[in-house]
Each structure stands twice: as structure tokens, then as C-alpha cells.
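Here is how the chains run, residue by residue.
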Amino acid sequence: MKEKSGLIVKVSGPLVVAENIPGAKMYEMVYVGTKRLFGEIIEVKKNLSSIQVYEDTSGIGPGEPVYSTGTALSVELGPGLIGSIYDGIQRPLDVLMAKYGDFVVRGLFEPPLDRTKNWLFNPIVNKGDFLKGGDFIAEVDETPLVKHKIIVPSGMEGTILMIASQGEYKVEDVIAKIETKNGIQDLTLFHKWPVRIPRPVKRRVPPDELLVTGQRVIDSFFPIAKGGTACVPGPFGSGKTVVQHQLSKWANADIIIFVGCGERGNEMTDVLMEFPELKDPRTGRPLMERTVLIANTSNMPVAAREASVFTGITIAEYYRDMGYSVALMADSTSRWAEAMREMSGRLEEMPGEEGYPAYLASRISSFYERAGKVVLMGREKKEASLSVIGAVSPPGGDLSDPVVQGTLRTVRVFWSLDDSLAYARHFPAIYWLKSYSLYLDSLAEFYKEKMGKDWVDLRVKAMSILRKESELQEMVRLVGIDTLSPNDRVVLETARSIREDFLQQNAFMAEDTFTSLKKQYRMMKLIGLFDRRAHDSLNKGVELDNIISLPVRVEISRAKLIPNDELERFDKIEEDINKSFVNLLEEVKNG
Amino acid sequence: MAKEYITTRQIAGPLIIVEHVEKATYNEIVDIKAPDGSLRRGQILEVNGDRALIQVFEGTSGLNLGETKVRFEGRGIEIGVSPSILGRIFDGSGRPIDGAPQIIPEKRLDINGNPINPYARDYPAEFIQTGISSIDGLNTLVRGQKLPIFSGSGLPHAELAAQIARQAKVLGAEEKFAVVFAAMGITFEEANYFIQNFRESGALERSVIFLNLGGDPVIERIATPRFGLTVAEYLAFELGMHVLAILTDMTNYCEALREISAARKEVPGRRGYPGYMYTDLATIYERAGRIKGKTGSITQIPILTMPEDDKTHPIPDLTGYITEGQIFLSRTLFQQGLYPPIDVLPSLSRLKDKGIGKGKTREDHSDVLNQLFAAYARGRESRELVTVLGESALTKTDLIFVRFADEFENRFVRQGIEENRTIEQTLDVGWELLSMIPVEELKRIRPQFIDKYLSKYIKKGTVQNAS
């Protein structure tokens, strides 16, 4: 069969213009040049098609052919995704390395899913069952953590004519036949889905469950719900990537999709080397068994970077459709936006703010809107969630950057990273007075149940102390610390304690890297207890210096090192605090 | 024999447009013969039908329409390499300028290279001892890292980079090393300083040097670092050497990039730099690292001078987003006569955590590092208050931190240009300084390390007094 093709007329970096591609469609995949580089049509004008090419176009020139495929840029969805590492257009990087060496060379193609691997297949429907799109027909053991559901593609409905019996099958094997109105359809273990089209759901519901991350400042102060959206903007060196890594390690989602979009190669290596070693705190299995990595590093072709977040979120939606709670981390969406800007510039579109295309904000929001807690398709009512957490890298840390502003308009949680905190090695450098979460109210019930009835009050109190601290510090800066009342001095001390003993968390210290909700509650209670007793004793005549120099404060500061399963040790510290103050009061009484 | 075209139709800035071209391809290299007979090189930036847009490395002065002859080479820019490349000096376009004959290439490599497959990378985790406390102790460099020096005009970045090149070593290992030095638009004196330094330390015969000096063609600077890094990749991943690549000055590189972008009338990004500068810089910086199963490595130290010492300027800003940290030089410290004038607070090494600790440096390293940072940050903040309000405005503890900050700068950061401290010495100075601080304020250090290390330095009685 002769392939349909057109001819290249212009090459400018990643943009190629070709003429006379038969039946050229928007977002159609094409192969460019005799080297057959991947590309996607992004503009059609009369007989000219503009193509963004996902690989380096050096050595490509006018007169070479462009082959059309007739299909949109799609990903393969099926067993074998978990534990894989793909580039922005779902080429398996591990297979490429094994076959072609340590550098990514152009024009290579390998199927994303291993065609030769056998999967253990367990049918869960019978011949004659009537099924709709979204129903599960079988389970495949993908990893010990993930039961992969084989789903009837959306839009299809009909009666099962054949279903394969339990046994081992490869991804291309036909495992079911369905009789639909339009004839008999074969189902294999995998199918394809175009990345730019969201997978359908029945409806969306408001998120009401906490995505537990084990990061104190996040879980306690600025939480994200399962199915929620969050963004982490910050200048370089403020710890965006560490926050993203921590979340992908410890968040209690079933599946993690990590998209390294235009970032450092070594960061992906870090994830690749660490995740197989790290154990999921809930199941004890390696974290890699629930993770999919998309790596399009900064030096890889810029157009594939644009595609990488869509590739990632489509895979995420696929696992959501199996009923899992999925979390997607995108690091960094600024690089994605810059890729859009570069293509837009080469298309000579009228630029909007800072040279970004005018459709920047709408693209950003349509990406984040693919998150959510949803009711799945299919006959049974099943709920699942997809949370999206995007890092943003604004130039110079300037939050007026169009990407930050476009993102803030759509996301509901804002973790503002601050470089002066990072300089003082206060990590995570999430600045408490600027960050916010709009899920606090919808999660109030959840908190009461999981952490304690008084939790909400404790947190409100802590926040108000931190706010008060910043006012008092202004005053200190103007007139010196001597002018503060002893009670205000205690506020400053408590605030310092909240910052240093609670908010600061060392991601690289085994004892501190993950804090359970119960432990967070106990830690906060300790600080609250000390604060209450300190104010109380001051009013009864105890000297401020005696309170500040109480040795029990060292115990409070070390409480973060108490393991999550030895929380009874907090009882002893509480006792010590109470004792210390009783002693102080007695000294006052005895003169 | 390739065709020669005399169909140049337009000359503007560093760019020429040639028409009626057959079979030109993107990024292809061209030879240009000026009317006076001189030979120049160029590269195709865009082909549109039979029109090719070409950037001329040596500049377009003296070119005209009609007599300028352009020949297309049918390949990208390449450099011939062989083990005998060590010890050689080239100009910014890879032509030898040391008087010795051309090397006989074992193979020719395209200077744009290919991206390392992220899956093939090995995580850098081997501690490099530079002998400089503020780097080893607080912003540890590891093998395969890219750690730029953010400097300003007039600051001693050349001295610092040369000191690192001279002293850097991996503990307990004797391995093949090499230095690749790529100069872009720096002065003759500065380039000479490096070469002299390499000569004195005996590193010259293990170096490969590419020089594009201030007076050399501006557009050539786009190619210079790529020549250097292509050679570095050859030495590291084919000959198994540990390569230290010094690129200076990246600011000049970015300005060349801006010049071309302006000549092409592209939509400018911030401060007139092109929107793709991030991607372009990444194709340079990301060529550092290690590869699984290969002995060699590339450690990159790019140097850039921040215009007006402003780190939010696009050049340092985009660099910081790509590199794995930065060493930040401070004009204030320099004016106080401090060498090296490294401001440790905005400095950072992202890869330090895997390169330090037991078996690599010392078990207490990570805790000491965090505590020194926190204490110095607090001391600096309090010191600012003292200048506004006087000492009486501070608590006793805060005053101790002010003293700590002063001592830290004088004893930890300050050291001689020839002084080569071991990591043990560095950490011990750290502990000695920390002993000034009341023990209950040492919250970042695990208790077992306080017991083991701090006791050496505590003068009798201070613990009781402090608490």
C-alpha cells in the first residue's frame, strides 16, 4: 500500500510547513521527512499544514515527504503502564536505551506496551451479559498493588459474545467480542485514546476526602482534597521539586503519575533510583509499583514537552476509570507553557502577555479541569478521583507571571514558596501567610473524624498566632523587642515553635519525612498546651525568662523525631510540660 | 562537487538570505567565500522553499550581493576527535590555534549531540572535595553535577573556578581526569589567567581549550560551548575520563543568542532575550552527568556575570532553573575583603544530599550543614536589626547569633586562595562555631551527634550558663 504523503516547503526549528497532505486534519499525527520524525498538525491553511515536530529537525529540508496517518496523537492504554518511564509522546525510554544506546536518537519507534509479555487474565463477566462503555470485563494483575481493570471502551454497548477464559494473554490478543448495534467488536487487553480529548465520566461531584501527604504544612494548614487541584509556584531553589517528590512518595493515592516536563534529567534519575527502593507506608510494597513516569527533560525536543502533560493526564484518567484515586504531578507547567509560546511564535500568531499565546489561560484551565472527583461511566455507581498538582516556575519568582496568574484562576490550593525561607533552610518553604486552600471547609468533617474534635480550633489558633507574629515583628523592627509585653513575647516564642517544631520538616531524615495525621495532631497539641500554660503562668506572676528557658522546650522541638507508631511518648512530654509549669508556679508561691 | 551559489539576496546583521537553493536542510553548515577571498562559516536557521536563512559566525562585514559565494556542506557542524586532542587549544570554531598541526580524527561528532536518555543516567552521588569550606561544607559538589557560579563584573569568579579546578578531587581515588575549558567573549587576560593556572598545576596537558575572546566573532559564541561539550562527552563516555567543564562567560553567550533573535525579528521575551532561551540553555547545561555502566563523568561549572548583580535577570534566572544549584558571589562580602566572597544563603547544591553523610563525608555532615545555614540566617537577620536599632533592641540569644554570623564569615567562609581544607577540617570549624550557640538552640542536629562532636569544643560551664 502506498502511503499518502505531502511535501515539506519550510523548516524552522521544531516547526515544519508541508503542502498537499491529503485530507490533513487538525491534531493529526504525521511522519516528517525520510527519517520519519513524529509530528502533529497544528494549523491548516489552504493546502499548507503547519506541523510541530517532536524530534530535532536538523538535516530536514524542503522537498522531503510528509506521511499522513489519519489518526490523532494517541496513547496506548493497557497493562504494563505502571512502572514504565516514557518520553512526552509515550516512547518507552527503557526499551529505547536497551535497543539503541544511552542517547535518544531521532526517528526511533518502539511500542509503549510490551507486546511479548504475558498477563494473567481473570474474566469477571459471562457470555451473554449486557455491558455498557465503562463497565469492567476482567482484571489483570499488573503489579501486586494494582489490579488492572479491562474496560469496555466508552460509547460501546452490547452483549458479550465471547470472553476468554482465565489464563495468560498478551496485550494484542483478542479477549472478548461484543455484539453491538454496529456489528461485532473485538476487544484486546489494550486500546488507544487521543490525548487531547478527556475521557468521559458520568458526572463530577465535590471533593470531600483529604489527600493525606504526610507533609505537616500541607495536611494541617493547606490541604488538598482527593480530586482537587493545587499549584506550587516559586523561584528556583525554593524546593518545588522536593515538594512534588515528597507528594509522589507519600500521598495516599492509589496511582501516581509523575510528569517531568522540561526539567532536569537527574531529577528523573533520582525518582527512578529511589522509588523502587522506597516502600509505600500503607502496603509495604515498592512505590514504583504504583507509579508511571513521563520524562521529557529540558534538552529533549520542545514540542514533545507540549504533548507530555496530555500524555500524562490521559494515562491518569485511564486509571481513574478503573475506580482508583490517582494523583498527577506536573513539574513544571511553566515549561509546558513556554513550549506553547515557542510554537505560537513560530506560527507567527499575535502574542498576548509576555509573548505567550492569547489562549494560554484557557489551555491551562482546560488541563486542570480534567481533575476531579467523579462518578464513573458504566452501569454500577462507582466513584474515583484524579488530583492534579502542578509546579510553576515564574521568572524571577514573580507571581504576576501570566502562567502563575492563569493557574491561580483555576486551582483551589496555592502553596506559595518563598526564597527567604529557603535561604534559612526552612523547608518545605511554603509561606503560611500567602498560601491558601479552598478545601478547608469541605474537609472539616473529615478532620473532626480523623484527627480530633478540637483540631479545627487548634489550627485556627495556630494560624492566628502566626499572623500576630508578623505584626509584632514589624513592631520589633521599628522600636525594638523591649517594648513588647511579656504576653506578646510568648506569642513570638510560640510562633517560633510552630514554625521550627511543626512547619519545618526534613524530607531527607527518615524519622521526619512522613508524619501521620495523628502525630500531626499530637505535635500541634503540645505547642498549644505550652502556649496556654505560658500565658496562664505569666498572669499568675511567673517571670518570662523562666518560661522561655524551660528545658521541656527541647523535648517539644524533638517531638518530630518520634516515630509514627510510638505516639504514646507524647503523653510523657505533655506530663513534663504540666509539671514544669506547676513547679514554676510553686516557686512564685514560695517567693 | 557541491554547487556554489551567488544568489545572496539580503544581508542584515549577522544573517544572510540565499535564494534558488536546492536541497538545503535545517541546521546544515555552509561555507561562505567573501568577495575578498576570505572564508567564513555559517549555519542554516530556516529554509523556506528555495530560500535559506543563514547565520554567519564571523559576521557579515565585507559581504555583498552578487560576489559572495555560498556552498552547502550537507551536514551539521562537526568536530574531529581523537585521544590526542588532550592538551590542545582551539579557537571558538574548533580550529587549532596553538601552532600544532590539525589532529587526525578518529571520528567526527556533530556538536549538537543527542540528549542523554533519562533512563540511562546514573545519579551523581560521589563527593568532590574542592578544599573550599563554603562549597564542601554547605553546597557540596558531586561528580556529574552542573553547578554554575553566579558572579558580577569585577568579582573573583575566575580565581574561584581556577581554585576548584586545581584542588578538586574525589577522596581515596586516583582516576583519569581532564579539563575542558570553553571561553566565550572573555578578555585575553582572563583566558590567560586560566591557561597559566592550568600550566602551573600541570593540568594543561590534560586540558582541551576553546577560546572565543572578546574581539572574536560574536555569533561564533553560539557554537563554542557545544564544541567543548562534544569533546567532553567523547572524553567522558568513550575514553572513561572524569571531565570538569568550565564554561565562561554564559552572559556573553546569551547576548549572542539575543543578537540573532533580534536580527530575525522574532517576538522578544523578557529583556529582549528570545522565548526559547530556556530550551537553548538546557541543551548546553544538560550535557553534564553520568551514565550507567560508564566510568567517566562530566561535571560542569558554567560562570555567568549577573547584570547589575540581579539574580532575577533572565540569564541567571533561566540558568538557575536548569542547573543543580548555584554558587553565589556577593559584592558586599568582596568589599569586606573576604575571599572567596561566597554568599552561602542564596547558594545551593541540589545534589548534596546524596553525596554527603556516612561513608562519603561524615555522618554528622547533613545536620551540621542545616544548623549552620539556619544559625547564619538568623544571625544575619538580627545583625540587620542591630544596625537599625542598636544592640539593646535584641535578646541575649539574638546577640549570640550576631556574633556567630561574624565569626562564621571570618573563619568558615574566609580562606586563602591556596588553602586546601579537608572535609574533616571544614566540619570541625563548623562545630567550633556552633559551640558558641546555646545547646537548646541546636534544633537541627540529632542529639547523638551533639554528644559525640560538640563536647570537644564546649568550654566548661557554658552549657549551664546558656540554659
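Residues numbered from 1 in each chain as written. Chains lettered and ligands numbered in written order. Predicted model: local features only at pLDDT ≥ 70, side-chain atom pairs only at ≥ 80, totals over all residues. Heavy atoms only, no water.

Caption draft 1: Structural context of the overall build of chain A. When helices and strands are tallied, chain A shows 16 helices and 26 strands. Computed over C-alpha atoms, the radius of gyration of chain A comes to 28 Å, within 12% of the 25 Å expected from 2.2 N^0.38 for 591 residues, which places it in the range of a compact globule. Once the C-alpha set of chain A is aligned to its principal axes, its extents read approximately 105 × 55 × 40 Å. For chain A, the residues scored as buried account for 62% of the 591 residues in total. Counting contacts in chain A only where the partners sit at least 6 residues apart, residues at least 24 apart contribute 70% of the total. Accessible area for chain A stands at about 22100 Å²; split by element, carbon and sulfur atoms hold 52% of it. Taken together, the 75 basic and 82 acidic charged side chains of chain A have centroids lying 3 Å from each other. (Helix = DSSP H or I, 4+ residues; strand = E, 2+ residues; numbered from the N terminus. Rg over C-alpha atoms; globule rule 2.2 N^0.38 Å. Buried < 20%, exposed > 50% of the residue type's maximum accessible area, 1.4 Å probe, protein only. Contact = heavy atoms within 4.5 Å. Areas by Shrake-Rupley, 256 points an atom, 1.4 Å probe, with all protein chains shown as cover. Lys, Arg positive; Asp, Glu negative; His and termini not counted. Charge placed at Lys NZ, Arg CZ, Asp CG, Glu CD.)

Caption draft 2: Representation of the overall build of chain B within the structure. Tallying secondary structure elements over chain B gives 14 helices and 21 strands in all. In terms of overall dimensions, chain B has C-alpha extents of about 90 × 50 × 40 Å along its principal axes. Among the 467 residues that make up chain B, the fraction classed as buried is 62%. In chain B, once contacts between residues fewer than 6 apart in sequence are set aside, the share between residues at least 24 apart is 73%. For chain B, the accessible area works out to roughly 17200 Å², and carbon and sulfur atoms hold 50% of it.

Caption draft 3: Molecular detail of the pairing of strand S11 (residues 136–143) of chain A. Residues and elements named next belong to chain A. Burial of S11 is extensive: six of the eight residues sit out of reach of the surface. Note: S11 against strand S12 (residues 146–151), six bridges, orientation antiparallel. What sits directly across from Asp141, in S12, is Lys147. Taking the residues between adjacent antiparallel strands as the criterion, S11 and S12 are bridged by two residues. (Pairing = 2+ DSSP bridges.)

Caption draft 4: Examining the side chain of B:Thr60 more closely. All names here are of chain B. Checked against the element boundaries, Thr60 lands in the loop between strand S6 (51–56) and strand S7 (69–72). A residue is classified by how much of its surface remains accessible, and Thr60, at 14% relative accessible area, is buried. At a separation of 2.5 Å, a polar atom in the side chain of Thr60 contacts the main-chain carbonyl oxygen of Gly13. The contact partners of Thr60, leaving out residues within four places of it in the chain, are Ile11, Gly13, Pro14, Leu15, Ile16 and Arg40. (Polar contact = N/O pair within 3.5 Å; in protein donor to acceptor, adjacent residues only side chain to side chain.)

Caption draft 5: Highlighting the interface of chain A and chain B. Tallying the contact residues gives 83 residues for chain A and 79 residues for chain B. Each partner contributes to the roughly 6600 Å² buried at the junction of chain A and chain B, and carbon and sulfur atoms together form 54% of this total. Our count for the contact surface shared by chain A and chain B stands at seven salt bridges. Two residues, A:Asp501 and B:Lys443, come together in a salt bridge whose shortest N-O distance is 3.4 Å. Counting every contact that joins chain A to chain B gives 31 residue pairs in polar contact (both at pLDDT 80 or more). Of all the elements, helix H4 (residues 265–274) of chain A adds the most residues to the side of chain A that touches chain B, at eight residues. Residue composition of the side of chain A that touches chain B, grouped by class: 32 nonpolar, 24 polar and 27 charged. (Buried area = accessible area lost by both parts, 1.4 Å probe. Salt bridge = Lys/Arg side-chain N within 4 Å of Asp/Glu carboxyl O. Nonpolar A, V, L, I, M, F, W, Y, C, P; charged D, E, K, R; others polar.)

Caption draft 6: Representation of the packing of helix H5 (residues 302–320) of chain A against helix H6 (residues 333–346) of chain A in the model. Residues and elements named next belong to chain A. In contact at an axis separation of 8 Å, H5 and H6 are set at 130° when each is read in the N-to-C sense. Comparing the axis directions of H5 and H6 gives the class oblique. Crossing hand, H5 versus H6: left-handed. Along the contact surface, H5 presents Val302, Arg305, Glu306, Val309 and Phe310, while H6 presents Arg335, Trp336, Ala339, Met340 and Glu342. (Axes fitted to C-alpha atoms, helices over the stretch in contact; angles between N-to-C directions. Parallel < 35°, antiparallel > 145°, perpendicular 65-115°, else oblique. Left-handed = near helix turned anticlockwise from the far one by under 90°.)

Caption draft 7: Spotlight on the sheet that holds S12(A). Residue and element names in this part refer to chain A. The sheet built from four strands is open, its strands ordered S12-S11-S9-S14 with antiparallel pairing. Bordering the open sheet on either side are S12 and strand S14 (167–169), each of which pairs with just one other strand. Sheet twist, expressed as the mean angle between neighbouring strand axes with direction ignored, is 40°. Pairing geometry for strand S9 (residues 119–123) and S11, over three bridges, is antiparallel. Bridged to Asn122 within S11 is Glu139. Lying on the sheet, H5 is in contact with S11 and S12; it crosses S12 at an angle near 90°.

Caption draft 8: Main features of the state of the cysteines. All names here are of chain A. The full count for this structure, using the stated rule, is zero disulfides over all chains. Lacking any disulfide linkage, Cys231 is separated from the closest cysteine sulfur, that of Cys261, by 15 Å. When its relative accessible area of 0% is taken as the criterion, Cys231 is described as buried. (Disulfide = S-S within 2.5 Å.)

Caption draft 9: Layout of the pairing of strand S3 (residues 28–32) of chain A. All names here are of chain A. Among the five residues in S3, four count as buried, and that is most of the element. As judged from the four bridges shared by S3 and strand S6 (residues 65–72), these two strands associate in the antiparallel manner. Along S6, the bridge assignment pairs Val32 with Val66. Pairing of S3 with strand S4 (residues 37–45), which is carried by four bridges, proceeds in the antiparallel orientation. Bridge assignment links Val32 to a residue of S4, and that residue is Leu37.

Caption draft 10: Molecular detail of the side chain of A:Ser334. Residue and element names in this part refer to chain A. The topology assignment puts Ser334 in helix H6. Residue class for Ser334 comes out buried when judged on its relative accessible area of 1%. One polar contact links the side chain of Ser334 to the main-chain amide nitrogen of Ser393, over a distance of 2.8 Å. The residues touching Ser334, leaving out its near neighbours within four places in the chain, are Ala391, Val392, Ser393, Pro394 and Val403.

Caption draft 11: Quick look at the packing of aromatic side chains. A full pass over the atoms with the stated rule returns 31 aromatic pairs over all chains. With a centroid separation of 5.2 Å and an interplanar angle of 65°, the aromatic rings of A:Phe367 and A:Tyr368 are classed as edge-to-face. Accessibility classification places A:Phe367 together with A:Tyr368 in one group, the buried group. Ring centres of B:Phe181 and B:Phe198 lie 5.9 Å apart, and the angle between their planes is 80°; on these two criteria the pair is classed as edge-to-face. Here B:Phe198 lies in helix H3 (residues 188–200) and B:Phe181 lies in strand S15 (residues 177–186), a separation of 17 residues in the sequence. What makes B:Phe181 buried here is its relative accessible area of 0%. Taken together through their ring pairs, the aromatic side chains of A:Phe236, B:Phe150, B:Tyr321 and B:Phe328 make up a single cluster. Over the aromatic face of A:Tyr31 sits the side chain of A:Arg36, whose NZ or CZ is 4.7 Å from the ring centroid. (Phe/Tyr/Trp six-rings, centres within 6.5 Å; stacked < 30°, edge-to-face > 60°. Lys NZ or Arg CZ within 6 Å of the ring centre and 35° of its normal.)

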